[in-house]
Amino acid sequence: MNKRIPMCDLIAVDMDATLLKSDKTVDPSTISDIDKAVSKGVNLAYCTGRALIEMKNYFEELPQIRYAICYSGAIIYDCLEEKTIYKNEVDSQYFEPIIATAKKYDGMLTFLTEDESIVSEDDLEHMEDFHMGVYKPMYIKVTRRVKDMEAESARHSSITKINIYFRSVEDREKGYSELKHLPLEFAYAEKTSLEMNAKGVTKGMAMLKLAELLGIPASKTMAIGDADNDIDMLKRAGFSVVMDNAKQSIKELADMVTKDNDHNGVGYAIRSMIG
């Protein structure tokens with residue numbers, strides 16, 4: 001863990017199990033280390049599967065982080081100017097097979113739009129069944145609940161990101177096998193989640209798009225993550241940092257393995273870069 005990181009101009013950092021501790025809070029020491037990086041002119045960006053509406057509390061807590069790559073790369077948001085600077089969404093022609101698969105495996109379907117997180121009111125009451133219980137307080141606070149997700153889908157010509165939370169890993173594998181022919185980007189997240197974005201939308205591609213917008217070469221980017229849905233950005237970054245709480249196959253992609261998310265792993269990586 002004592003490897004010195006070359007100076008980077010853009011750090012893209014995953015949220016859950018990376019920037020956030022297990023209780024979904026940010027360690028004060030991490031905030032202090034982020035301050036130090038920003039003072040040296042480093043740009044930071046959240047790089048998360050979360051929707052914008054799920055990020056507002058963090059935008060207020062961490063105004064130092066100007067950019068947010070959300071929905072696994074479907075949107076890049078300028079937190080300072082409060083505007084979307086890039087967007088690429090899932091077209092409505094793909095809604096029917098996704099909804100059918102969610103129904104077949106009795107999964108929890110979530111529609112993430114630029115302005116809302118939309119879920120079934122029945123599923124919200126049973127999030128523990130989908131291994132998502134830790135998120136229930138947030139979902140209660142930020143989601144719009146509907147009775148019929150299929151009827152809701154008819155109101156949209158496109159949706160920024162679609163998730164299915166399955167009841168088991170086995171169901172997720174079966175569901176993915178039935179959907180993978182669609183021209184979409186798929187990623188596994190959480191314990192049993194399947195995330196779907198428009199073709200070409202990945203965390204890594206959005207990180208490079210933001211770097212391009214900022215005039216930063218890819219070689220001067222750093223990605224910090226922990227999970228399968230971080231693989232793309234870890235591979236595309238100039239320097240890749242993986243949390244100690246990640247599984248071994250993810251650690252093997254890293255230029256550096258930092259401390260875990262409950263011991264300021266993000267801050268440790270930043271200090272290893274700026275000294």
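Above this text sits the structure in question.
Description of the structure in this document. (Residues numbered from 1 in each chain as written. Predicted model: local features only at pLDDT ≥ 70, side-chain atom pairs only at ≥ 80, totals over all residues. Heavy atoms only, no water.)

### Brief notes about the side chain of Ser120
So, point 1. In this structure, Ser120 sits in strand β8 (residues 117-120).
So, point 2. For Ser120, the residues in contact, after removing those within four places along its chain, are Leu109, Val146 and Met149. (Helix = DSSP H or I, 4+ residues; strand = E, 2+ residues; numbered from the N terminus. Contact = heavy atoms within 4.5 Å.)

### Remarks on the sheet that holds strand β5 (residues 83-87)
So, point 1. The sheet built from 8 strands is open, its strands ordered β5-β4-β3-β2-β1-β14-β15-β16 with mixed pairing. Only two strands of the sheet have a single partner each, and these edge strands are β5 and β16 (256-257).
So, point 2. As paired elements, strand β1 (residues 10-13) and strand β2 (residues 43-47) share 4 bridges and run parallel to each other. Its bridge partner lying in β2, Val13 is registered against Tyr46. (Pairing = 2+ DSSP bridges.)

### Here we look at the sheet that holds strand β7 (residues 108-112)
So, point 1. The strand order across the open sheet built from 6 strands is β9-β8-β7-β11-β13-β12, with neighbouring strands paired in mixed fashion. The outermost strands of the open sheet, each flanked by one partner alone, are β9 (144-146) and β12 (184-189). Shown here is a sheet whose adjacent strand axes are inclined to one another by a mean of 25 degrees, direction ignored.
So, point 2. Both strand β11 (residues 161-165) and strand β13 (residues 193-198) contribute to a ladder of 4 bridges, which runs antiparallel. Directly across from Asn163, in β13, lies its bridge partner Glu195.
So, point 3. Contacting β7, β11, β12 and β13, helix α4 (residues 95-104) runs over the sheet at an angle of about 15 degrees to β11. (Axes fitted to C-alpha atoms, helices over the stretch in contact; angles between N-to-C directions.)

### Things to note about unusual backbone geometry
So, point 1. The phi dihedral of Glu82 falls on the positive side, at around 55 degrees, and the residue is not glycine.
So, point 2. Within the element layout of this structure, Glu82 appears in the loop between β4 (75-78) and β5.
So, point 3. Glu82 gets classed as exposed once you look at its relative accessible area, which sits at 61%.
So, point 4. The phi angle at His131 is positive, at roughly 60 degrees, despite the residue not being glycine.
So, point 5. Since its relative accessible area comes to 33%, His131 is described here as partly exposed. (Buried < 20%, exposed > 50% of the residue type's maximum accessible area, 1.4 Å probe, protein only.)

### Observations concerning the packing of helix α2 (residues 28-39) against helix α12 (residues 265-274)
So, point 1. Where α2 meets α12, the axes come as close as 8 Å, and the angle between the chain directions of the two elements is 30 degrees. Between α2 and α12, the interaxial angle falls into the category roughly parallel. In terms of crossing hand, the pair formed by α2 and α12 is left-handed. Facing Thr30, Asp33, Ile34, Lys36 and Ala37 of α2, the residues of α12 in contact are Val266, Gly267, Tyr268, Ile270, Arg271 and Ile274.
So, point 2. Tallied by class, the residues present in the contact of α2 with α12 amount to 6 nonpolar, 2 polar and 3 charged. (Parallel < 35°, antiparallel > 145°, perpendicular 65-115°, else oblique. Left-handed = near helix turned anticlockwise from the far one by under 90°. Nonpolar A, V, L, I, M, F, W, Y, C, P; charged D, E, K, R; others polar.)

### Details of the packing of aromatic side chains
So, point 1. With the rule as written, the count across this model stands at 6 aromatic pairs.
So, point 2. Geometrically, the ring pair formed by Tyr176 and Phe186 is edge-to-face, given 5.4 Å between the ring centres and 70 degrees between the ring planes. With Tyr176 in helix α8 (residues 169-179) and Phe186 in strand β12, the pair connects residues that are 10 residues apart, well separated along the chain.
So, point 3. Ring centres of Tyr176 and Tyr188 lie 5.8 Å apart, and the angle between their planes is 80 degrees; this geometry places the pair in the edge-to-face category. Taken together, the positions of Tyr176 in helix α8 and Tyr188 in strand β12 put the pair 12 residues apart, joining distant regions of the chain.
So, point 4. The buried category is assigned to Tyr188, whose relative accessible area is 19%.
So, point 5. Here the aromatic residues Tyr46, Phe59 and Tyr77 are joined through ring pairs into a cluster of three or more.
So, point 6. Against the face of Tyr188 rests Arg172, its NZ or CZ located 3.9 Å from the ring centre. (Phe/Tyr/Trp six-rings, centres within 6.5 Å; stacked < 30°, edge-to-face > 60°. Lys NZ or Arg CZ within 6 Å of the ring centre and 35° of its normal.)

### Some words on the packing of α4 against α8
So, point 1. In contact at an axis separation of 10 Å, α4 and α8 are set at 155 degrees when each is read in the N-to-C sense. In terms of their interaxial angle, α4 and α8 are classed as roughly antiparallel. Read as a crossing pair, α4 and α8 show a hand that is right-handed. Touching Pro97, Ile98, Thr101 and Lys104 of α4 are Gly175, Glu178 and Leu179, all from α8.
So, point 2. Partitioning the contact of α4 with α8 into residue classes produces 3 nonpolar, 2 polar and 2 charged.

Nothing here speaks to function; it is geometry throughout.
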